[in-house]
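Chain residues, written in single-letter form:
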Amino acid sequence: MYNRAFSICALSGELDIYQPLRYLISVVKLCKRCDNGVRMANTKVITYAFTKPAKTKRLIIRAFTMEDLTAFFSIMNDEEVNVFLPWYTVKNMSEAKELLERRYIPGNNRESASRLAVCLKTDNNPIGYVSVSSSGSYDFGYALKKDFRNQGYATEAAQAAAFMLKNNGYPFITATHDVNNPASGAVMKKIGMKYCYSYVEQWQPKDISVTFRMYQLNFDGNEGRVYMGYWDKYPLHFIEPDV
């Protein structure tokens, strides 16, 4: 599956440069196998720092800086960007600055995740972001401003970011999408992720009931591994046919 998903001839253009990332792997514990697959109750914990940007045919994927504040505000203030995300849009530059400093600037992040800016090569200004958590789910996410959708940018960015994560020791990534946002699921499929199951969550802080589909991509050859954290946590869960 990896070779099909990450061949050099990419879906959106040839990938030309992938700079290595620094990372630290600590505390490796055994996971437990059960009837539903492999429960990653205790899993490898990875912390890392992105050092150099990755480049694709059209994009630069790099760390955020405070110089990105204006572009960051335009992303996080966009209602269409945030409609399928759990948080609300920022209302002003002050809120954007606080969020950028707290959750997106390397070294300041207290949210156990890494978030990178997705920029066009033409001007190096952020048009969106990709992210991955360092928790046991290795939850992978992405978002783009509405003006840059339906042009292959999301797939190009997600493919490059996943390639980076594999090369930095991640055993797998998961990703979830609202059933009302099938375009996000299409990106997951294009980078080689496989649908595993669905579950219903009362999403906070918006406090709405959302049905999510969970996809997974295993990097280490363990194709039988399925992260069961959401299945175990949310009582209403099921497998949809023909997803």
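As shown above, the structure is provided for reference.
Note that the structure is a prediction, hence the values are computed from the model and not measured.

**Student:** How should helix H4 (residues 93-104) be read in this particular structure?
**Tutor:** Count 3.6 residues to each turn of an α-helix, and residues three or four apart come out pointing the same way. For H4, the set of buried residues is Ala96, Leu99, Leu100, Arg103 and Tyr104. For H4, the buried positions fall inside an angular range of 105 degrees around the axis, keeping them on one side.

**Student:** Sorry if this is basic, but what is going on with the nonpolar core here?
**Tutor:** Soluble, globular proteins show a tendency: their nonpolar side chains are buried together. Ranked by size, the top nonpolar core spans 47 residues in total, and within it Ile127, Val130, Phe140, Ile173, Met193 and Tyr197 carry the most contacts. Ranked by residues supplied to this core, first place goes to helix H5 (residues 153-167) with 8 residues. Ile60, Phe64, Met76 and Leu85 belong to the second largest nonpolar core, which has 19 residues in total.

**Student:** Explain unusual backbone geometry here, please?
**Tutor:** Leave glycine aside and you will find that most residues have negative phi; peptide bonds, for their part, are mostly trans. For the bond from Gln204 to Pro205, the omega torsion is 5 degrees, close enough to zero to count as cis. For Pro205, the position within the fold is in the loop between strand S11 (194-203) and strand S12 (208-218). If you check the backbone angles, Asn150 has positive phi at about 60 degrees while not being a glycine. Tracing the backbone shows Asn150 in the loop between strand S9 (140-144) and H5. Its identity as a non-glycine residue notwithstanding, Asp207 has a phi of 55 degrees, on the positive side. The topology assignment puts Asp207 in the loop between S11 and S12.

**Student:** How should helix H2 (residues 69-76) be read in this particular structure?
**Tutor:** The buried count for H2 comes to 6 of 8 residues, which makes it a mostly enclosed element. Taken together, the buried positions of H2 are Leu69, Ala71, Phe72, Phe73, Ile75 and Met76. Next to the buried residues of H2 lie helix H3 (79-82), H4 and strand S8 (126-133).

**Student:** Help me understand the environment of Asp147, please; the structure alone is not making it clear to me.
**Tutor:** Locating Asp147 in the fold gives a position in the loop between S9 and H5. Exposure remark for Asp147: the relative accessible area of 56% places this residue in the exposed category. Sequence separation between Asp147 and Ile127 is 20 residues; the distance between their C-alpha atoms is 8.8 Å.

**Student:** Explain the side chain of Thr174 to me, please; I cannot follow it from the model alone.
**Tutor:** With respect to the helices and strands, the residue Thr174 is situated in strand S10 (residues 172-178). Among the polar contacts listed, one links the side chain of Thr174 to the backbone oxygen of Ser137, at a separation of 2.9 Å. Setting aside residues up to four positions removed in sequence, Thr174 forms contacts with Ser137, Tyr138, Asp139, Phe140, Met193, Met214, Tyr215, Gln216, Tyr227 and Tyr230.

**Student:** How should the sheet that holds strand S13 (residues 237-238) be read in this particular structure?
**Tutor:** In a beta sheet, neighbouring strands pair by backbone hydrogen bonds and run either parallel or antiparallel. On the basis of which strands lie adjacent, the open sheet formed by 4 strands has the order S10-S12-S11-S13 and antiparallel pairing. The outermost strands of the open sheet, each flanked by one partner alone, are S10 and S13. In the packing of helix H6 (residues 182-190) onto the sheet, contacts are made with S10 and S12, and the angle to S10 comes to roughly 160 degrees.

**Student:** Please clarify how the packing of H2 against H4 should be interpreted in this entry.
**Tutor:** Working note: a packed helix pair is described by the angle between its axes plus the distance between those axes. At a closest axis distance of 9 Å, the pairing of H2 and H4 adopts a crossing angle of 100 degrees. Taken together, H2 and H4 sit at an angle that is classed as roughly perpendicular. Side by side, H2 and H4 meet where Leu69, Thr70, Phe72, Phe73 and Met76 of the first sit next to Met93, Ala96, Lys97, Leu99, Leu100 and Tyr104 of the second. Within the contact of H2 with H4, the residues separate by chemical class into 9 nonpolar, 1 polar and 1 charged.

The rules behind the values
Residues numbered from 1 in each chain as written. Predicted model: local features only at pLDDT ≥ 70, side-chain atom pairs only at ≥ 80, totals over all residues. Heavy atoms only, no water. Buried < 20%, exposed > 50% of the residue type's maximum accessible area, 1.4 Å probe, protein only. Helix = DSSP H or I, 4+ residues; strand = E, 2+ residues; numbered from the N terminus. Arc of directions from axis to C-beta. Core = buried A, V, L, I, M, F, W, Y, C linked by side-chain atoms within 4.5 Å. Contact = heavy atoms within 4.5 Å. Polar contact = N/O pair within 3.5 Å; in protein donor to acceptor, adjacent residues only side chain to side chain. Pairing = 2+ DSSP bridges. Axes fitted to C-alpha atoms, helices over the stretch in contact; angles between N-to-C directions. Parallel < 35°, antiparallel > 145°, perpendicular 65-115°, else oblique. Nonpolar A, V, L, I, M, F, W, Y, C, P; charged D, E, K, R; others polar.

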